[in-house]
Amino acid sequence: MPTSSADPVLHLEDVRFSAAPSEAPAHRARRWAGNVVRRILGALLVLWGAASVAFLAQVALPGDRATIIFNIRAGQPIERTPEELAAINAQYGFQHPVLRQYLDYLSGLVRGDLGHSYQQFRPVTAIIGEQLAPTLVLTFSAIALAWVFMVFWVTLTAGRSRGTSGFGAALDTAAAGLPHYWLGIVLLLVFSLTLRWFPVISGNSPAGLLLPALTLAIPLAGFMGQATRSEFERSLAQPFVLTARMRGMSDAGIRLRHVLRHSALPAVTLSGWALGATISGAVVVETVFTRAGIGRVLVTAVNNQDLPIVTGVVVLVAALYVVANLLVDVLHALIDPRLVKGTDS
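Anyway, here's the lowdown on the structure attached to this text. Note that this is a predicted model, so its numbers are computed, not measured.

## Section: helix 4 (residues 65–74)
- Restricting attention to buried positions, one finds in helix 4 the residues Arg65, Ala66, Ile69, Phe70 and Ile72. For helix 4, the angular spread of the buried residues around the axis is 160°, confining them to a single face.

## Quick notes on the packing of helix 13 (residues 265–288) against helix 14 (residues 294–304)
- The contact between helix 13 and helix 14 brings their axes to 7 Å, and the two run at 80°. Taken together, the axes of helix 13 and helix 14 lie roughly perpendicular to each other. Here Ile279, Ala282, Val283, Glu286 and Thr287 of helix 13 come into contact with helix 14, specifically with Ile294, Gly295, Arg296, Leu298 and Val299.
- The residue makeup of the contact of helix 13 with helix 14, split by class, is six nonpolar, two polar and two charged.

## Considering the side chain of Ser165
- Here Ser165 lies in helix 8 (residues 162–176).
- With a relative accessible area of 12%, Ser165 lands in the buried category.
- When residues no more than four places from it in sequence are discounted, the contact partners of Ser165 are Thr157, Ala158, Gly159, Arg160, Arg229 and Glu233.

## Digging into unusual backbone geometry
- One non-glycine residue, Phe121, lies in the positive phi region at around 55°.
- Along the chain, Phe121 falls in the loop between helix 6 (98–110) and helix 7 (124–157).
- Phi is positive for Thr290, which is not a glycine, with a value near 50°.
- Inspection of the secondary structure puts Thr290 in the loop between helix 13 and helix 14.

## A word on the environment of Glu79
- Its place among the elements puts Glu79 in the loop between helix 4 and helix 5 (82–92).
- Along the backbone, Glu79 and Thr67 are twelve residues apart, and their C-alpha atoms lie at a distance of 8.6 Å.

## A few points about the side chain of Asn89
- Note that Asn89 resides in helix 5.
- Residue Asn89 is classed as buried on the basis of its relative accessible area of 17%.
- Once residues within four sequence positions are removed from consideration, Asn89 is found in contact with Ala66, Phe94 and Gln95.

## With respect to the packing of aromatic side chains
- Under the defined criterion, the tally for this structure stands at four aromatic pairs.
- Centre to centre, the rings of Phe55 and Tyr102 are 5.4 Å apart; their planes meet at 50°, and the pair counts as tilted. Remark: Tyr102 occurs in helix 6 and Phe55 occurs in helix 3 (residues 25–59); sequence separation between them is 47 residues.
- Residue Phe55 is classed as buried on the basis of its relative accessible area, which comes to 5%.
- Relative to Tyr105, the ring of Phe55 has its centre 5.5 Å away and its plane inclined at 35°; by these criteria the two rings are tilted. With Phe55 in helix 3 and Tyr105 in helix 6, this residue pair connects regions lying 50 residues apart in the sequence. Accessibility assignment for this pair places Phe55 and Tyr105 in one class, buried.
- Each member of the aromatic cluster is reached from another via a ring pair, and the members are Phe55, Tyr102 and Tyr105.

Reading the values: the criteria
Residues numbered from 1 in each chain as written. Predicted model: local features only at pLDDT ≥ 70, side-chain atom pairs only at ≥ 80, totals over all residues. Heavy atoms only, no water. Buried < 20%, exposed > 50% of the residue type's maximum accessible area, 1.4 Å probe, protein only. Helix = DSSP H or I, 4+ residues; strand = E, 2+ residues; numbered from the N terminus. Arc of directions from axis to C-beta. Axes fitted to C-alpha atoms, helices over the stretch in contact; angles between N-to-C directions. Parallel < 35°, antiparallel > 145°, perpendicular 65-115°, else oblique. Contact = heavy atoms within 4.5 Å. Nonpolar A, V, L, I, M, F, W, Y, C, P; charged D, E, K, R; others polar. Phe/Tyr/Trp six-rings, centres within 6.5 Å; stacked < 30°, edge-to-face > 60°.

Here is the structure:
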């Protein structure tokens with residue numbers, strides 16, 4: 001009978017995400033705890049590596065660091081007395097061996113102390129903290145827009161005719177290759193200077209947020225579309241799609257409710273990478289659109305050779321990468337429960 005012959009196929013989607021064979025709750029809890037511990041240790045290792053590289057970059061600079069600090073504050077290189085240099089060395093601990101400086105630096109990071117700015121005479125944590133919120137708003141807005149663009153475009157073009165699919169893939173590639181500085185200037189010229197739809201100076205207003213977010217979102221949507229498209233088309237060929245069609249579900253419903261769920265993992269993984277990538281892109285975007293944020297703080301610190309701020313931003317971006325990847329692991333488990341239970345099929 002047609003009903004009975006379709007029944008085995010009817011549950012293929014459920015089987016794809018089915019739980020593993022029953023196992024003791026204690027064993028499952030130990031496995032889950034072990035995964036969590038390994039991920040946390042890996043995250044701490046990444047943070048330690050980023051902090052160590054940031055510290056070594058300061059130590060490896062040519063010249064005496066106390067003299068560099070004095071020259072930065074004076075705005076010109078002049079001769080310094082030993083007494084002046086001794087005061088700076090004592091203030092920043094440069095008179096100690098490098099190993100002790102390194103250990104003091106790591107202990108400060110554990111306490112949340114990123115050091116003091118050479119030029120602003122303020123804690124780096126306070127300087128970054130004042131500008132972090134606008135950058136995070138821009139970052140998460142860009143990621144959200146990228147998801148909207150990616151889902152719409154892949155759902156619309158993937159698995160269609162050869163011409164439509166090829167055009168969709170080509171547009172993904174073109175979008176992914178757009179440089180932030182070029183795209184930002186084009187959007188600024190067209191929509192701000194020519195059409196006057198948006199302010200030229202972005203500031204932190206909602207109207208000024210859209211163009212910077214689009215500048216970051218369009219290339220990101222291209223990257224996520226490239227990663228998702230092949231998996232989306234492979235999922236369209238699975239038996240559960242045929243079963244859904246036999247049950248009368250529309251093509252749009254199949255693509256959005258079933259196929260997108262199976263093909264979303266690559267885009268979810270890229271979202272963890274995107275958090276750090278968009279913060280890096282914010283260095284350019286915040287400058288182009290005259291927008292506040294840690295990107296502009298970093299540019300100013302590099303121009304002024306204010307190394308504590310530079311290394312503080314590096315450590316912060318590394319920490320955000322780590323947190324994002326931990327969240328991605330959680331989202332993977334929510335999308336595919338097999339990842340929680342440790343199954344391989």
